[in-house]
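# Notes for the structure review
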Amino acid sequence: ASAQLAEKAIQMAQAIDFRAGLGSAKRVRADIYWKLGHTDQALAMGQSALTLLEQVGDLEQQAAARVSMAAAYHSSGQFYKAILHLQRAVRIVEQLGRQFELAIVSSNLGETYAELFAMDKALEAHQKAIELVGYERAHPDLIRNLGVDLMGVGRKEEGLAHLMTALERARHNSDPDLIA
């Protein structure tokens, strides 16, 4: 159903030559392709969206398109390409002054660095995300990632403390994904 709605939005935007709307609709369609496991289609649609969004100067949607493309690259194991898109998205959301979005993109960047075992870079990105949202408001998943990063750079006691905090919060929130 959502794929059909995205296709309809693309058709409508094309019909009236609404380039910003077309770029946004294509970005949503790229997300849908990615979530369905169609990485090549997601990347092609994401690049098409990004090109349009750059032409019209829509920075917010450019950042979103880069995050979508990064997710597709990440899921296909192309971590370096994912990092490039996430780094560009970070610069855009910093420019826009969007702290919440910056925290999310930084967290995604940290997870991607961790896939490459670049734990110092992962730690830096996750610390930035936690700084932006505050430790007390940070999701248990983010705190867990921080703990793993710290363990990865040899700060075992500190890492273990964060892992325990993440587990306690996950139990408190009844989050089975983090408890298992």
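See the structure printed just above.
For the structure given in this document, a descriptive report is provided here.

Reading the values: the criteria
- Residues numbered from 1 in each chain as written.
- Predicted model: local features only at pLDDT ≥ 70, side-chain atom pairs only at ≥ 80, totals over all residues.
- Heavy atoms only, no water.
- Helix = DSSP H or I, 4+ residues; strand = E, 2+ residues; numbered from the N terminus.
- Buried < 20%, exposed > 50% of the residue type's maximum accessible area, 1.4 Å probe, protein only.
- Contact = heavy atoms within 4.5 Å.
- Areas by Shrake-Rupley, 256 points an atom, 1.4 Å probe, with all protein chains shown as cover.
- Polar contact = N/O pair within 3.5 Å; in protein donor to acceptor, adjacent residues only side chain to side chain.
- Expected span 1.5 Å × (residues − 1).
- Phe/Tyr/Trp six-rings, centres within 6.5 Å; stacked < 30°, edge-to-face > 60°.
- Lys NZ or Arg CZ within 6 Å of the ring centre and 35° of its normal.
- Salt bridge = Lys/Arg side-chain N within 4 Å of Asp/Glu carboxyl O.

Attention shifts here to the overall build of the protein chain. Counting its regular elements, the protein chain contains ten helices and zero strands. Listing the helices and strands of the protein chain from first to last along the sequence gives α-α-α-α-α-α-α-α-α-α. Counting only C-alpha atoms and orienting by the principal axes, one finds that the protein chain spans roughly 60 × 30 × 30 Å. In the protein chain, which comprises 180 residues, the share counted as buried stands at 42%. Across the protein chain, the fraction of contacts at a sequence separation of at least 24, relative to all contacts at a separation of at least 6, is 47%. When the accessible area of the protein chain is evaluated, it comes to approximately 9900 Å², of which 54% is carbon and sulfur surface.

Glancing now at the side chain of Arg 66. Here Arg 66 shows up in helix H4 (residues 59-75). By relative accessible area, which is 8% here, Arg 66 ends up buried. Within the local environment of Arg 66, its side chain forms a polar contact with the side chain of His 85, the two groups lying 2.9 Å apart. Sequence-distant contacts of Arg 66, defined by excluding residues within four places in its chain, comprise Leu 50, Glu 54, His 85, Arg 88, Ala 89 and Ile 92.

Time to look at helix H2 (residues 19-35). Between its first and last C-alpha atoms H2 spans 24 Å; for 17 residues at 1.5 Å apiece the expected length is 24 Å, and the two agree. With respect to burial, H2 is a largely interior element, twelve of its 17 residues being buried. Among all positions in H2, only Gly 21, Leu 22, Gly 23, Ser 24, Ala 25, Lys 26, Arg 27, Arg 29, Ala 30, Asp 31, Ile 32 and Tyr 33 are buried. Contact partners of the buried residues in H2: helix H1 (2-15), helix H3 (39-56) and H4.

The final tally for this structure, using the stated rule, is zero aromatic pairs. Across from the ring centre of Tyr 33, 3.8 Å away, lies the NZ or CZ of Arg 29, which sits over that ring.

Turning our eyes to something else, we now look at the pattern of salt bridges. As enumerated under the stated definition, the model contains eight salt bridges in all. Across the pair Arg 27 and Asp 31 runs a salt bridge, and its minimum N-O distance is 3.0 Å. Highlighted residues: Arg 27 and Asp 31, both in helix H2, separated by four residues, approximately one helical turn. Of the charged contacts, one joins Arg 169 and Glu 136 as a salt bridge, the two residues approaching to 3.6 Å between their closest N and O atoms. Taken together, the residues Arg 169 in helix H9 (residues 156-172) and Glu 136 in the loop between helix H7 (119-133) and helix H8 (140-152) connect sequence positions 33 residues apart. Overall, the relative accessible area of 68% leaves Glu 136 in the exposed class.

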